[in-house]
Amino acid sequence: MKHNHLFLVLLLSGGALSACHQPDTAHCDIISASVEEAGFSKSVQVTCDDSYAYLTSSTYPSHDMMNGITGTNEQIPVPALDYAAPIKLKPTKAESLTSIDAALGVAVNGVPIYDYSSQGELDLSHYNENVDTVKLGQLDNCGGHAGRGDDYHYHAAPTCMIETMANRKNNPIIGWAYDGYPIYGDDNPDGSKITKGTLDDCNGQADDVFGYRYHTSEAPPYIVQCLVGNVDVGDLPRVAPLTSTDKDGSSTTLNAMRDNLTPPRDGVENLKHTVSDTGKRSMTYTYQGQDYFVHYTPNALKPNCFDFEQKTVSNGGVTETGTFCRNTDSKQNPTQNQNEEPGRRQDNSPPPPPKGDRKPPRQNDPNSAKVNKTTHTTMVNKSHTFKLEAWADNWFAAYLNQQLIVEDSVPITTERSFNAEEVTFSADYPLTINLVIKDFKQNDTGLEYIGTPRQQMGDGGFIMQLTDISTNETVAVSNSAWHCKVLHEAPLNKQCETELNPTAGTAPCDYTSTEAPSGWKKAGFDVSEWPNATEYSAEMVSPKDGYNLISWDESAKLIWGDDLETSNTLICKFTVEKP
């Protein structure tokens, strides 16, 4: 058997042909060879500059997709042309681990790789089966699914891709993490088995050639869970969302037909995804005895546009049609048009004028399906039973100390991911409640609808109350007495909202991002130096979709960080003493 480490040593000495024509590019050569030797060089292009190797693809694999899913979100894979995944050419270990709500790397076939989670950053020290895409039945037979942007990506070992790799018998590199370190399969590069307990929190281990390597595994976390190396989070790509089009073909906005989809409760049956010779993609499934479908075909006149027809559970079983386009933005393709003047559109029109301090409230779409209020029960053998009620724009998770009580059942999407949650649980006084609260951001610019006429900063809001059921007394409410820490703030300059090509980390789209303090969920953790939450009126937050289904105590207040628009991720902590 030819071992992959020997193969890489030969590459380092210049013994292999490279698809990357740059001087002094040993790591680029290795990355290029990993794609070529696997047999994907026709669908994945590798180019390099001084800092990165870019794997450019459509993110659309040639293997089977979507079949085997029960926990569908009713999304369907749509190609994303010119998606450029940046791999660091000079990987170095970081002082802390990086967990992000985005792709952590890319497979050698050009498909992005995420961690196992269906929602947000992970608590790396605690596996959470409630967000495990494998356990939730959200992944197909190949370890992937279509995400919120109708983009295909992996959350576990890409088994079908590995089966098609020309060099699969050699235990080859199957992908690259964005920090520059390689990803291997379940075994070591020499074919030996990995001893239980060898892999670290990020699902990797030391490597004699690269310094470090990641692995897939049969047990959670299945694939890369976090990044050990230094990584420029602002440079990481996001697949551009699908946008609907006007009759003249101009791109307009995200549309409720595709962006309002959520997983049907208790899953679906008989899901089948097919691709016809004409290019038509179809996904059919049944839910509670009724048939549903999503079909699309490439539009004959508009490049990168697709004609959709669908009947979904999320949208009430109504048959809908529309044309949607996948526009390439600066985060998808880092190569700027050299003929385009910075800050101006290619049609020579100026950037949109600055907006006022506040945007008008978003309006409810009367045709959109409503997920208004979700009720949960989490019982533990304790002396008191409590009811926690909360509403968030856009998402939250609540913990009793380090134990998850409830996680928002509606995924973070650009809009209409508003939902009220009610959970009943038991506990003893005093109880410590910890909250992670997030507003949607498309990337680290803090913006949403990037590249569309609706490009804007999002705005958050959260309200909660806790009732002791035995006494029917409200024992805690959200207000300015809470201590909350902002973990992600962007953009630091609101002028970023008017940029033609907003780039995270580049003025005026600078941002700050910090990790939650170690052990912050433990009882007794001192938060006295954290800022107090800021209270906001209902007129400022414009709460909707489930907010009015809860009878709020008059002392419960809508809260957020000190800026509704730029505070994107918060953590809050409070203790409830026995009345």
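This one's a predicted model, so the numbers in the text were calculated from it and none came from an experiment.

About the cut-offs
Residues numbered from 1 in each chain as written. Predicted model: local features only at pLDDT ≥ 70, side-chain atom pairs only at ≥ 80, totals over all residues. Heavy atoms only, no water. Core = buried A, V, L, I, M, F, W, Y, C linked by side-chain atoms within 4.5 Å. Buried < 20%, exposed > 50% of the residue type's maximum accessible area, 1.4 Å probe, protein only. Helix = DSSP H or I, 4+ residues; strand = E, 2+ residues; numbered from the N terminus. Contact = heavy atoms within 4.5 Å. Disulfide = S-S within 2.5 Å.

**Observations regarding the nonpolar core**
One broad trend across soluble globular proteins is that nonpolar side chains are buried collectively.
Right, so step 1: If you look at the biggest cluster of nonpolar residues, it comprises 79 residues, and the most contacted ones within it are Leu55, Tyr178, Tyr214 and Phe308.
Right, so step 2: The greatest single-element share of this core, amounting to five residues, is contributed by helix 2 (residues 26–38).
Right, so step 3: Setting aside anything within four residues of it in sequence, one finds Leu55 in contact with Ile31, Val35, Val44, Gln45, Val46, Tyr83, Ala84, Ala85, Ile87, Val106 and Ala107.
Right, so step 4: One finds Ala427, Ala476, Val477 and Trp482 within the second-largest nonpolar core, a separate group that totals 43 residues.

**Thoughts on unusual backbone geometry**
Right, so step 1: Here Pro220 and Pro221 are connected by a cis peptide whose omega angle stands at 10 degrees.
Right, so step 2: Here Pro221 shows up in the loop between strand 12 (213–215) and strand 13 (227–229).
Right, so step 3: Cis geometry marks the peptide bond from Ala490 to Pro491; its omega dihedral reads -10 degrees.
Right, so step 4: In this fold, Pro491 is placed in the loop between strand 30 (483–489) and strand 31 (512–513).
Right, so step 5: Even without glycine at this site, Met66 takes up a positive phi of about 75 degrees.
Right, so step 6: For Met66, the position within the fold is in the loop between strand 2 (52–57) and strand 3 (83–88).
Right, so step 7: With relative accessibility at 1%, the residue Met66 sits in the buried group.
Right, so step 8: One non-glycine residue with positive phi stands out, namely Glu74, at about 70 degrees.
Right, so step 9: With respect to the secondary-structure elements, Glu74 resides in the loop between strand 2 and strand 3.
Right, so step 10: Note on Glu74: relative accessible area 0%, which makes it buried.

**Remarks on the state of the cysteines**
Right, so step 1: Enumeration according to the criterion identifies six disulfides in this entry.
Right, so step 2: The disulfide that involves Cys28 links it to Cys48, with 1.9 Å between the sulfurs. Across the S-S bond of Cys28 and Cys48 the torsion is about 90 degrees, and the bridge reads as right-handed. One end of the pair, Cys28, is in helix 2; the other, Cys48, is in strand 1 (residues 45–48), with 20 residues separating them in the sequence. The two residues Cys28 and Cys48 agree in class, both being buried.
Right, so step 3: Each sulfur of the disulfide joining Cys202 and Cys226 lies 1.8 Å from the other. Taking the sign of the S-S torsion, -105 degrees for the link of Cys202 and Cys226, the bridge is left-handed.

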